[in-house]
Amino acid sequence: MSAMSSNTENELVFLPLGGSNEIGMNFNLYGYGPPDDRKWIVVDLGVTFGDVTTPGVEVIMPDPAFIEEHARDILGIVLTHAHEDHIGAVGWLWPRLKAPLYATPFTAFLLREKLRDAGLLDEVSLTEVPLGGRFQLGPFDIELVTITHSIPEPNGLAIRTPAGTILHTGDWKIDPDPLIGGPADIEKLRRLGDEGVLAMVCDSTNVFVDGEAGSEAGVRDALFELIAGLKGKVAVACFASNVARLDSVVRAAEAAGRRVSLVGRSMHRITAAAKSVGLLQDVQPFVPDTEARHFPPDQVLYLCTGSQGEPRAALSRIADGTHPHVNLGEGDACIFSSRVIPGNEIPIRNLQNKLADRGVRLYTDRDHPGIHVSGHPCRGELAQMYQWARPGIAVPTHGERRHLLEHVAFARELQVPEQLAPRNGDMVRLAPGRPQVIDEVPAGRLFLDGGVLTPENSEPLRERRHAAHNGVLMVSVVLDRKGRLATDVGLRAIGLPGDEEYPLEEALDDLAEDAEEAVRKLGAEERQDDSAVRAAVGRTLKKASQRIWERRPVVETLVTRV
Ligand SMILES: [Zn+2]
Ligand SMILES: [Zn+2]
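Right, let's walk through the structure included here. (Residues numbered from 1 in each chain as written. Chains lettered and ligands numbered in written order. Predicted model: local features only at pLDDT ≥ 70, side-chain atom pairs only at ≥ 80, totals over all residues. Heavy atoms only, no water.)

Brief notes about the pattern of salt bridges
Operational definition: Salt bridge criterion: a side-chain nitrogen from Lys or Arg within 4 Å of a carboxyl oxygen from Asp or Glu. Secondary structure elements follow DSSP: runs of H or I no shorter than four residues count as helices, runs of E no shorter than two count as strands, and numbering proceeds from the N terminus. Each residue is assigned to one of three classes by its accessible area relative to the maximum for its type, calculated with a 1.4 Å probe on protein chains only: buried under 20%, partly exposed between the two thresholds, exposed over 50%.
Considering all chains together, one arrives at 32 salt bridges under this definition. Across the pair R96 and E68 runs a salt bridge, and its minimum N-O distance is 4.0 Å. Of the two residues, R96 is situated in helix α4 (residues 90-97) and E68 in helix α2 (residues 65-68); the sequence distance between them amounts to 28 residues. Judged by its relative accessible area of 33%, E68 falls in the partly exposed class. Between R445 and E456 there is a salt bridge, with its nearest N and O atoms 3.1 Å apart. Of this pair, R445 sits in strand β23 (residues 445-449) while E456 sits in the loop between β24 (452-455) and α15 (459-470), and the two are eleven residues apart along the sequence. Since its relative accessible area comes to 30%, E456 is described here as partly exposed. Several salt bridges converge on common partners, so that one network encompasses R134, D141, E143, R160, K188 and E195.

Examining empty space enclosed by the protein
Definition in use: Cavity: a set of points on a 1 Å grid over the protein atoms alone where a 1.4 Å probe fits but cannot get out. Pocket: an open set with protein on both sides within 12 Å along at least five of seven lines, its lining residues, like those of a cavity, having an atom within 4 Å of a point. Grid points are joined across faces, edges and corners, and a volume is the space filled by probe spheres set on the points. By the convention adopted, Pro, Cys, Tyr, Trp, Phe, Met, Ile, Leu, Val and Ala count as nonpolar, Lys, Arg, Asp and Glu as charged, and the other residues, Gly among them, as polar.
Evaluated as defined, the whole model comprises two cavities of 30 Å³ or more. Put simply, the largest cavity is a space of about 60 Å³. Looking at the largest cavity, the residues that line it are N26, N28, D44, H86, H168, T169, G170, D171, C202, D203, T397 and H398. In the lining of the largest cavity, the residues fall into one nonpolar, eight polar and three charged. In this structure, the second largest cavity encloses a volume near 40 Å³. Around the second largest cavity sit V78, L79, T80, Y102, A103, T104, V129, F135, L144, N155 and L157, which together line it. Within the residue set of the lining of the second largest cavity, elements represented by two or more residues are β7 (101-103) and β11 (155-161). By residue class, the composition of the lining of the second largest cavity is eight nonpolar, three polar and no charged.

A look at the coordination of the zinc ion (ligand 2)
Keep this limit in mind: Water is not part of the atom set, so a site may look incomplete; the donors themselves are N, O and S atoms within 2.8 Å of the metal, or 3.2 Å for Na, K and Ca. Just to be clear on the cut-offs, tetrahedral is four donors with all angles between 85 and 135 degrees, square planar is four donors and octahedral six with opposite donors over 155 degrees apart and all others between 65 and 115, and anything else goes down as irregular.
Bound to the zinc ion (ligand 2) on the protein side are H81 (NE2), H83 (ND1), H149 (NE2) and D171 (OD), at distances that span 2.1 to 2.3 Å. The coordination sphere of the zinc ion (ligand 2) comprises four donor atoms, whose angles at the metal cover 92 to 162°; the geometry is irregular. Along the chain, the residues that donate to the zinc ion (ligand 2) are spaced as H-x1-H-x65-H-x21-D. Between the zinc ion (ligand 2) and the zinc ion (ligand 1) the interatomic distance amounts to 3.4 Å, and D171 serves as a bridging ligand to the pair. Taken as a pair, H81 in the loop between β6 (74-78) and α3 (84-87) and D171 in the loop between β12 (164-168) and α6 (186-195) lie far apart in primary sequence, 90 residues in all.

Examining the nonpolar core
Definition in use: To define a nonpolar core, start from buried Ala, Val, Leu, Ile, Met, Phe, Trp, Tyr and Cys residues and group those joined through side-chain atoms within 4.5 Å. By definition in these notes, contact holds between two residues if any of their heavy atoms fall within 4.5 Å.
Residues L303 and I335 are the most contacted members of the largest nonpolar core, which totals 73 residues. With seven residues, the single largest contributor to this core is helix α8 (residues 243-255). Those residues in contact with I335 that sit more than four places away from it in its chain are L223, L226, I227, L230, V234, A235, V236, A237, Y363 and I371. One finds L12, I41, F135 and L157 within the second-largest nonpolar core, a separate group that totals 24 residues.

What to know about unusual backbone geometry
With an omega of 0°, the peptide bond running from A431 to P432 counts as cis. Following the sequence through the fold, P432 ends up in the loop between β21 (426-431) and β22 (436-440). Phi at E153 is positive, roughly 60°, even though this residue is not glycine. Take E153: it is sitting in the loop between β10 (140-146) and β11. A residue is classified by how much of its surface remains accessible, and E153, at 14% relative accessible area, is buried.

Looking at the environment of F239
With respect to the helices, strands and loops of the structure, F239 is situated in the loop between β14 (234-237) and α8. Distance in space between the C-alpha atoms of F239 and S338 is 7.1 Å, their sequence separation being 99 residues. Ignoring anything within four residues of it in the chain, the contact list for F239 reads L246, S307, Q308 and I341.

A short note on the coordination of the zinc ion (ligand 1)
Summarising the metal site, the zinc ion (ligand 1) is bound by the protein donors D85 (OD), H86 (NE2), D171 (OD) and H398 (NE2), whose distances to it range over 2.1 to 2.2 Å. Each of the four donor atoms around the zinc ion (ligand 1) contributes to a set of angles spanning 85 to 163°, which defines the coordination as irregular. Each donor residue of the zinc ion (ligand 1) belongs to the same chain, with the gaps between them written as D-H-x84-D-x226-H.

Considering the layout of surface pockets
Taken as a whole, the second largest pocket encloses approximately 320 Å³ of empty space. In terms of lining residues, the second largest pocket is bounded by 14 residues, among which V340, I348, Q352, T364 and R366 are the most central. Tallying contributions element by element places helix α12 (residues 345-357) first for the lining of the second largest pocket, with four residues. Each residue belonging to the lining of the second largest pocket can be placed in one class, and the counts come to three nonpolar, five polar and six charged.

As for the pairing of strand β3 (residues 39-43)
The cut-off we apply is this: By definition, two strands form a pair when at least two bridges between them are found by DSSP.
Of all five residues making up β3, four are buried, and the element is well covered by its neighbours. Hairpin connection from strand β2 (residues 27-33) to β3: five residues lie between these consecutive antiparallel strands. In the sheet, β3 pairs with β6 via four bridges, with the strands oriented parallel. Bridge pairing in β6 places W40 opposite I74.

Here's what the structure looks like:
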């Protein structure tokens, strides 16, 4: 084939820019057309969260730079479900993509909230698609496939193109009794398999777990039993977005003669969204926490945010004793109807220790199996899905590297003809020909730092991290017109220790002398140059600090000329 004809041949490509090699910030692209004129659809636009390595940065999102250049060719952005790792970046990144949004009603409700917060509501076209609905975006014929997960209205996508059909599963599990919404549309999945699925792009979160994730109905039974036997006040922590779980907790509370009080902003936000699509209907009204405090302890149940130990969430404030209206103590109980998300072990342990210290009895899924189930498919469910869809190519996503590679091995075991686990930025040609990575495009992350989107590991963050570990020295150098020291060098330290043997004051005096010496040693011309003065002082003080503290603090030198 000549270069020219290969350039005009229509191709179907898959390009993850987030969510492949990580669990979080899902951002998937499908492209169709000749390489120099592809049309794109985006599936999901999510965030991930910062940790101890990103001090001050709580929200992280994919860098859309690559697709921003092709923004005119984006036909639509389809959101599979309303979890933050799938829709959290819409308010931030939509202005760079400017394509119409498509989502089912519950997701659309929460999207509108985000767009309102971002001041974009009037600018964005958001189309509500009914569950199981079908719509056309250029060469992409998109049909929603109802699935089950841990939030209302999770959708898989059947994406039909002239080059073949993709089943993009989204986040899913097979819950035979999900309590709210319908069960998974297994009939449609089978029919798709009969029709022929070129590639399945599939959730890998639980690929290391045998069996099945379990059902929300089972959790309801376990919660009914547990809550019925509790005395004192009861708090239940779970993800607000798991409306089936909220519904179970509310009904278990009612059965035990308790009224429910919602604690935490997202509990209010999600229950409003749930009610807007007809969920949580025949339950007693929630009691404001300002009133619930006057209820007898055994007649109240608090439904709280903060199961992951998030410091500002309701449960952390209760544990700290700083919540204005809710306090738990001796004889009360706290149920964690949630799992420990990897990375949150330490904050959760701290939270639980504080609660225990108040005399609160803790119930977690470790000691009470059954009070939580995962929303992602275990191996049994994955095997089932491969049997229904029978894809030609398995493309694992929604996982760290180890998850994706295990998923590849599992798909091979299940005799899926081709398997491929791209990394963020790998452009995979799915058709024509054997699937392969044909390009690598930039796929970085953006940090939301003090309300500003910055490149990952920007200078301010690097500085903050360095200062946190090493401390800061602030130096004031005052020079006269000839570049001579007009006063002694002033020095202040932040986060640097001293002891009786070598008090901090003394160390700073010594450092000031070193700095003065460094300035004096500069040539007359260099002393007229502020940056040369700053560099000399910085070099000298870092070296001296290494000797004193075995670390190199941030040195900030202010040069003044009089
Ligand atoms: Zn997800
Ligand atoms: Zn999800």
